[in-house]
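Residues per chain, in single letters:
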Amino acid sequence: MIRAATLDDLVERDRDHECEGMGPAKVCVRIVGVADLPTRFGDFRIVAFWNNRDAKEHVAIVHGDILYASAVPTRMHSECLTGDVIGSLRCDCRDQLILALKKIANQERGLLLYLRQEGRGIGLVNKIRAYSLQDQGLDTVEANLALGFRDDERDYAIAAHMLQSLTVQSVALMTNNPRKIGELERHGIEVSGRIPHVIPPNDHNRFYLETKANRSGHWIDFSGKPHLTEQSDEVVVDGSRS
Amino acid sequence: MQTLATHDTIVIGAGIAGLACAHSLAGAGADVVLLDRARGVGGRCATWRLRDQPIDHGVAFLHCASAEMWASIYAMPEGERIDGWPKSVSGRGSPCQPRAFFPDAHRMALQVGLTAWPKHLAAGLSVRLQTTVTRLSFAGGAVHVHLRDGGDLRATTVVLAMAGPQMDPLLTDLAEVTDELRATQRLLRLLTSLPSLTVMAIYDRPKTPPSWDVFYPEDSTVLQTVVQDSAKRREPRFGALVMQGRPRWSRQNLDAPAEQWTRALLEETARYAGAWAKRPLEFKAQRWQHARVDAGNELSGPILVSLPRDCRIGMAGELFSPGGGVEAAFVSGRRLAERLLGKG
């Protein structure tokens, strides 16, 4: 294979891509489209992935020259329609997404993997069913399992393959969850460092600073709704760490 | 005072999910009792006889992707399977299980009637039929299963294997014991099932029988499916049709007199099959209040909730595995048994 000069070359490279796949689900993705994506947070390119296991169309949001690069600042973000798009305060997804995009845009290079795993894999309808149970004060392990909450195993397999497809040599993972590093490494990705993902305080997340976890171990925000960490990443608001 | 024996496990509902679960548990040496309110096992995998001719008036044929379900069906005696049935499918209406007609799907019927499979699964199990459970309670380190005839049975583990909405009332007393069950009860209320008013009818063998085995009308507000049941039988004495109503129409007519909706189904069928279909020799109406899970409501797996003193409540059925249908019922029953045995 000729060394790719630009991201666009990866589409040609992946045209006939086949591999064993990663993880127990044998997930294989290939790059099928690349385009410029100017955003309010900075200039990016968006890379579309085709996925052999389900119809989920994952994307990578790329800033700067990441081809064959090392220590690339990288954020894994799971799709959250209610948070990312609607601005729901039941989770911190939008804060985390915007923070990641801003940080990446301000550096020489970086990328965000936008994984289409709505509600950590359970889908939008079941996420809303889970919210409905929480509204009634019920958030139990067995009900969540029945709705399909699963561990993040598959996310790591997909993320690892996406990084490999993008020719990234090693990543500096933007996360507060050290387990993510081990999981990515287990899937063959070199993690050269970790960048803490600390959200600046704002009106919507100040309850992290003002309250401690309530009796049930859940964060309750100012509208009285249980607050979820849907990104499987501990939420750290600047100033909230002891 | 006489103390009742406490069973390891009582499974309520001897449909495919309950049978699959009980069969696995019994195979592992557990003491299992199966209860069902009906006169026979199989639930919606049901066969009735009109003038001694078997008619499947619930599930019309079997199909699956799961190897363990095939293994179970193929463990039955030879010569009863009709592989590939239905062979001739007509109409562009939607089948209740679209995946049954994916190119790689394997379908089959059983010549003697589909209940042969549940009967085979039930062989050797301790089954109490015509036994209706009215409620469950928890006392003295056991789950009490209260029966309509007044008695009660006790077990450390009780499995509910029925349509989701039928579990709700049984959980009411236990929901006071643990939040998990309260959450489960609320969750079940978010998930809906679809009814189907059904008529099975036999005829003098028509001069021109339908050319199809199964017909899915695309333009009927009444009919979902018509199955030419006699096409499954070896040398049938009668022509036999099973007519199943669409969910919305069935819901609207659920409380109407059976004569009324029976006539509507026969007349609607005659529109497609010919006037003869209006005049059966004999027929029987069946009100399937929970004919199938409303697609999109299925959960990812069976539910198993712990109660104090090592007691447990399990739930299985077509609601408890993606895709619904007979396969989901079977798979969820097996998965629950594995979890109960500590293997899942």
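Residues numbered from 1 in each chain as written. Chains lettered and ligands numbered in written order. Predicted model: local features only at pLDDT ≥ 70, side-chain atom pairs only at ≥ 80, totals over all residues.

Undergrad: An account of the nonpolar core is requested, with residue identities and associated values reported.
TA: Judged by nonpolar contacts, the single largest core of 106 residues is most densely connected at Ile12(B), Cys21(B), Val143(B) and Val158(B). Among the domains, domain 1 (6–42 + 120–191 + 296–340) and domain 2 (88–112 + 193–293) of chain B are the pair contributing at least three residues each to this core. Discounting chain neighbours no more than four positions away, the residues touching Cys21(B) are Val11(B), Val159(B), Ala161(B), Ala316(B), Gly333(B), Leu336(B) and Ala337(B). With 43 residues, the next largest nonpolar core counts Leu10(A), Val47(A), Cys91(A) and Leu173(A) among its residues. (Core = buried A, V, L, I, M, F, W, Y, C linked by C-beta atoms within 7 Å. Buried ≥ 20, exposed ≤ 12 C-beta atoms within 10 Å, placed from the backbone. Domains from an automatic or database assignment. Contact = placed C-beta atoms within 7 Å.)

Undergrad: Which residues make up the confidence of the model for chain A, and what are the values?
TA: Interpretation of the predicted coordinates at a detailed level should be avoided for regions scoring low in pLDDT. The predicted model of chain A averages 87 in pLDDT, with 90% of residues at 70 or higher. Looking over chain A, one finds the lowest element-wise mean pLDDT in strand S9 (residues 219–220) of chain A, namely 60, and the highest in strand S3 (residues 59–63) of chain A, namely 98. (pLDDT = per-residue confidence, 0-100. Helix = DSSP H or I, 4+ residues; strand = E, 2+ residues; numbered from the N terminus.)

Undergrad: Break down the confidence of the model for chain B for me, citing the residues and quoting the values.
TA: Here chain B shows a mean pLDDT of 94. Residues at 70 or above account for 98%. Model confidence for the complex is summarised by a pTM of 0.89, with the ipTM given as 0.86.

Undergrad: Describe helix H7 (residues 258–273) of chain B, listing the residues and the values that go with them.
TA: All names here are of chain B. Between its first and last C-alpha atoms H7 spans 22 Å; for 16 residues at 1.5 Å apiece the expected length is 22 Å, and the two agree. Within H7, burial applies to Trp261, Thr262, Leu265, Glu268, Thr269 and Ala273. The arc that holds the buried residues of H7, viewed along the axis, is 135°, so those residues lie on one side. Looking at H7, the residues exposed on the side facing more than 90 degrees away from the buried face are Glu259 and Gln260. (Expected span 1.5 Å × (residues − 1). Arc of directions from axis to C-beta.)

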